[in-house]
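Given next are the chains, with one letter for each unit.
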Amino acid sequence: MQHYFIDKPHKETDFFEFKDSVLGYELCFRSCDSIFSKTKIDDGTRALLNAIDKHFVLSGTGLDVGCGLGVIGIALIKRFNVNMHMLDVNNTAVSLTQQNIVKNNVKPQASAFLSNGFANVKDYYDFIVSNPPIKTGKKLLFSLMDGAMQHLKPNAPLIVVIRKDHGMQSLKNYLTSLFNNCEIVARDKGYYILKAIKN
Ligand SMILES: C[S@@+](CC[C@H](N)C(=O)[O-])C[C@H]1O[C@@H](n2cnc3c(N)ncnc32)[C@H](O)[C@@H]1O
């Protein structure tokens, strides 16, 4: 089975654009068939952004792990005027995120780079956010959580979304063992938003 994170060669005709709104901002995305949630903002991503809007005041520089088209980073820059680094293992996703950063006029505050998990991450962040890959299994999911723990500044939050039926409880248990804390900050139609703070 070919998962969404595996790159494949593209023709120009594989690419298209869509518009969608979140947090009151109308955003425009260049997209392509092989990318996660290619024609609209994913419901889990939207639940995550709505929860952050309601429960957090973000500042400084954040990291989006598994950025896809760049929806989370771009929306958070619009909402909180933060700086965002965005990574993905998929070359096409990184290239599209770079284009979407320009399209949505957030270039001074945004960057996107290729990285398998935290392999190419060098910085320490004021917050880390993710709608993480699930189909790839718990080993990768948990290794992304380990990387986040290592790359957060003291007292900085990791904020992730996961569906209850995609392993929410096991992720919550893992985060609790890693961070010594983890709480559900919101739930929305089966999506749970978890927060863990680096001590
Ligand atoms: C559930 S999608 C979320 C995409 C985007 N953040 C959004 O909310 O629309 C997960 C993303 O993780 C990326 N991904 C999968 N495995 C990865 C890995 N090992 N390292 C970094 N990113 C990965 C996928 O390519 C995909 O874009």
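Read on for an overview of the structure. Small disclaimer: the values here were computed from a predicted structure and weren't measured. (Residues numbered from 1 in each chain as written. Predicted model: local features only at pLDDT ≥ 70, side-chain atom pairs only at ≥ 80, totals over all residues. Heavy atoms only, no water.)

## Thoughts on unusual backbone geometry
Phase 1 of the analysis: Unlike most non-glycine residues, S37 shows phi in positive territory, near 50 degrees.
Phase 2 of the analysis: Note that S37 resides in the loop between β2 (25–32) and α1 (43–55).
Phase 3 of the analysis: Residue S37 is classed as partly exposed on the basis of its relative accessible area of 22%.
Phase 4 of the analysis: For N81, which is not glycine, the phi torsion reads 60 degrees and is therefore positive.
Phase 5 of the analysis: A relative accessible area of 58% means that N81 is categorised as exposed. (Helix = DSSP H or I, 4+ residues; strand = E, 2+ residues; numbered from the N terminus. Buried < 20%, exposed > 50% of the residue type's maximum accessible area, 1.4 Å probe, protein only.)

## A word on helix α3 (residues 91–103)
Phase 1 of the analysis: Relative to the 18 Å expected for 13 residues at 1.5 Å per residue, α3 spans 18 Å between its end C-alpha atoms, a close match to the ideal helical length.
Phase 2 of the analysis: T92, A93, V94, L96, T97, N100 and I101 are the residues of α3 that are buried.
Phase 3 of the analysis: Buried residues along α3 sit against β1 (15–22), β2, α2 (71–80), β4 (83–88) and β5 (110–114).
Phase 4 of the analysis: One side-chain oxygen at the N-terminal end of α3 lies 2.8 Å from the backbone nitrogen of T92; it belongs to N90.
Phase 5 of the analysis: Looking one or two residues beyond α3, the residue adopting positive phi is N105, at roughly 60 degrees. (Expected span 1.5 Å × (residues − 1). Contact = heavy atoms within 4.5 Å. Polar contact = N/O pair within 3.5 Å; in protein donor to acceptor, adjacent residues only side chain to side chain.)

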